[in-house]
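Analysis of the macromolecular model
For reference, the chains in residue letters:
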Amino acid sequence: MRARLVLLTLAALLSLAGLTDSLFLTWDHQLHLLDPGTEEGICAAGSGCEISRNPRYSEVPLSNLPGIPFSLLGIAFYVTTLLLCLRRLRTPDEEEAQGLHLLLGFFGIFISVVLGTLSLNVQGSLCAFCAILYGVNLLFLIVAWFSYEHPKFRVMGRWPQYLISASGMWTISSLLLVSTLGYAVYAPPLLELREQTQQRLAEEAKNLGAQAPVMVDMSALRERSGSEAPVLVVEIADLGCPHCHELYETLHELQESEPQGFGLALVHYPLDETCNPHVEGPRRSKSCRMARAAICGEVMGLGSDYLRFIFKYGRVESVETLIGKAVHMGLDPKGFERCMVSDETRARLDADIAFAASVGVRGTPVFLVAGRKVEGGRSPEMIQAMLQSVRQADGVR
């Protein structure tokens, strides 16, 4: 009896720890979406927790609604495990409640492995607060394992019975109810902000031509674009930035649909202190080598396919893999290796960083439309409105 009480108390404390962690991550996630400039707390840039703020990797997407953060589902999970602990204290001999505790423990470990693998693949490290949750889940499984007072193999054959039992229905209902109530609190501020933001950005897009262009020499970028179109669009990007990738694909698709509509050039601005003196502290530790590989791919004629490969996989792949991909696409490995460490490549990257700094870039993505500076990504419709606005302002077609 005493051992059972100790185990259930440990399970409850672990549930409280997981709940506290999940509440913080959900708050931080919402705060960052409401104010992307927020750099407070452990999830600030450079913390390794950027992935917990990125909806692309940390939400269940919903059509036309804000996504459901994984951390909000974590709140429902830990509230349910806490309530299940209390239920087991009232009915300590109920096999179904014991089995459900163990099933939830296995489920928590499964989710930990999936999300931990995603984090390592996307950003090359684990988010500190997420890692705490993974540890909580492991300890919770251990406690649930020892508190299951029946042969352990029994749960494999009886898990459907556990789920359809009264305790199982209660557990599922708790998960759904807490998730629904949590989302009802989480989503409204984001929906209101989305409407306000869309109105503001649409108005800014229509009036972009009235903005004074930055006074910098873009002749080299014009040559890099290979286009004679009167309007030049320049994206300033870190190849490890998912939003930069999305913006690049949007601009590329628009240009392909209207080849003579505008020229397109890419400027590298790695958020990596190893090559960028304007970055304070480590932020994206592989971005410099990604930029050098992309420059070599461009000057050696690999085109946009190689750049897309780096955008997608460069964060998690080794230098050897980047070189191997270039070789697979027809380049000489020795020549590509020499290019990546050459003075010409270093000078080109330094020039890109200096250009970005000269127009006041501090983060990415940023893009210039006929010299007008725009921070952040935009939808295809807004970019088309920007192009129309600057053409009218500059008197070009």
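Position numbers for residues start from 1 in each chain and track the written sequence from start to end. Whole-chain, interface and lining totals are the exception, using all residues; otherwise, since this is a predicted model, local features are given only for residues with pLDDT of at least 70 and side-chain atom pairs are given and counted only at 80 or more. Heavy atoms from the whole structure form the basis of all side-chain values; hydrogens and water molecules are not counted.

1. With respect to the layout of surface pockets
Take a probe with the size of a water molecule and roll it over the atoms, and the empty space left behind shows itself. Space inside and on the surface of the protein is sampled on a 1 Å grid over the protein atoms alone, with a cavity defined as a set of points where a 1.4 Å probe fits but cannot get out and a pocket as an open set with protein on both sides within 12 Å along at least 5 of 7 lines; lining residues have an atom within 4 Å of a point. Grid points are joined across faces, edges and corners, and a volume is the space filled by probe spheres set on the points. In this structure, the second largest pocket encloses a volume near 640 Å³. In terms of lining residues, the second largest pocket is bounded by 29 residues, among which F70, S71, G74, I111 and L115 are the most central. Only runs of H or I of at least four residues qualify as helices and only runs of E of at least two qualify as strands under DSSP, and these elements are numbered from the N terminus. It is helix α4 (residues 95–123) that provides the largest number of residues to the lining of the second largest pocket, a total of 9 residues. Its residues placed into classes, the lining of the second largest pocket shows 19 nonpolar, 10 polar and no charged. Lys, Arg, Asp and Glu make up the charged group, whereas Ala, Val, Leu, Ile, Met, Phe, Trp, Tyr, Cys and Pro make up the nonpolar group; the residues left over, Gly among them, are polar.

2. Looking at unusual backbone geometry
A cis amide bond links T364 to the next residue, P365, at an omega of 5°. Following the sequence through the fold, P365 ends up in the loop between α14 (343–358) and β5 (366–369). Its identity as a non-glycine residue notwithstanding, A370 has a phi of 50°, on the positive side. Here A370 lies in the loop between β5 and β6 (372–375).

3. Topic: α14
Given 3.6 residues per helical turn, the α-helix brings residues three or four places apart onto the same face. Across its 16 residues, α14 extends 22 Å between first and last C-alpha, which sits within 8% of the 22 Å expected from 1.5 Å per residue. Between buried and exposed lies partly exposed: a residue is buried under 20% and exposed over 50% of the maximum accessible area for its type, with that area taken using a 1.4 Å probe on protein chains only. For α14, every residue scored as buried is listed here: T345, R348, L349, D352, I353, F355 and A356. End-on, the buried residues of α14 take up no more than an arc of 160°, which puts them together on one face. Along α14, exposed side chains directed more than 90 degrees from the buried face belong to D343 and E344. Between two residues, a contact is recorded if the distance between any of their heavy atoms is within 4.5 Å. In this fold, the buried residues of α14 make contact with α8 (219–225), β3 (232–237), β4 (263–268), α10 (287–299), α13 (333–340) and β5. Of the residues flanking the end of α14, it is G360, one or two places downstream, whose phi is positive at about 80°. Helix span is expected to be 1.5 Å times the residue number reduced by one. The directions from the helix axis to the C-beta atoms are what the arc is built from.

4. Points about the pattern of salt bridges
Salt bridge, as applied in this entry: a Lys or Arg side-chain nitrogen positioned within 4 Å of an Asp or Glu carboxyl oxygen. The final tally for this structure, using the stated rule, is 18 salt bridges. Here E246 ties to R56 by a salt bridge, and the two come within 3.8 Å at their closest N and O atoms. With E246 in helix α9 (residues 242–257) and R56 in helix α2 (residues 55–58), the pair connects residues that are 190 residues apart, well separated along the chain. The partner of E375 in a salt bridge is K373, and the shortest N-O contact between them spans 3.6 Å. The class of K373 is partly exposed, set by a relative accessible area of 22%. When salt bridges with common partners are traced through the structure, they connect R224, E298, R348 and D352 into a single cluster.

5. Comments concerning the state of the cysteines
Here a disulfide denotes a covalent bond joining the sulfur atom of one cysteine to the sulfur atom of another. Note on terminology: pairs of cysteine sulfur atoms within 2.5 Å are recorded as disulfides. Counted by the stated rule, this structure contains 2 disulfides. A disulfide bridge connects C275 with C288, and the sulfur atoms are separated by 1.9 Å. Taking the sign of the torsion about the S-S bond as the criterion, the disulfide between C275 and C288, at about -90°, is left-handed. A residue pair is termed long-range when its members are at least 10 positions apart, and C275 in the loop between β4 and α10 and C288 in helix α10 qualify at 13 residues. What pairs with C296 in a disulfide is C339, and their sulfur atoms sit 2.2 Å apart. Between C296 and C339 the disulfide shows an S-S torsion of about -105°. By sign, it is left-handed. Note that C296 is positioned in helix α10 and C339 in helix α13, a separation of 43 residues in sequence. Taken as a pair, C296 and C339 share a single burial class, namely buried.

6. Details of the packing of aromatic side chains
Within 6.5 Å between ring centres, the rings of Phe, Tyr and Trp (the latter by its six-membered ring) count as paired, and their orientation is classed by plane angle as stacked under 30 degrees, edge-to-face over 60, tilted in between. For the structure shown, the criterion picks out 10 aromatic pairs. Both rings, one in Y306 and one in F309, keep their centres 6.4 Å apart while their planes meet at 15°; by these two values the pair is stacked. Placement of the pair is Y306 and F309 together in helix α11 (residues 304–313), with a separation of 3 residues, close to one helical turn. Looking at F309, the relative accessible area reads 14%, which means it is buried. An aromatic cluster is defined as three or more aromatic residues linked by ring pairs; in this entry it consists of Y306, F309, Y313 and F336. Stacked on the ring of W170, the Lys or Arg R87 has its end atom at 5.4 Å from the ring centre. In our convention, an over-ring charge means Lys NZ or Arg CZ found within 6 Å of a ring centre and within 35 degrees of that ring's normal.

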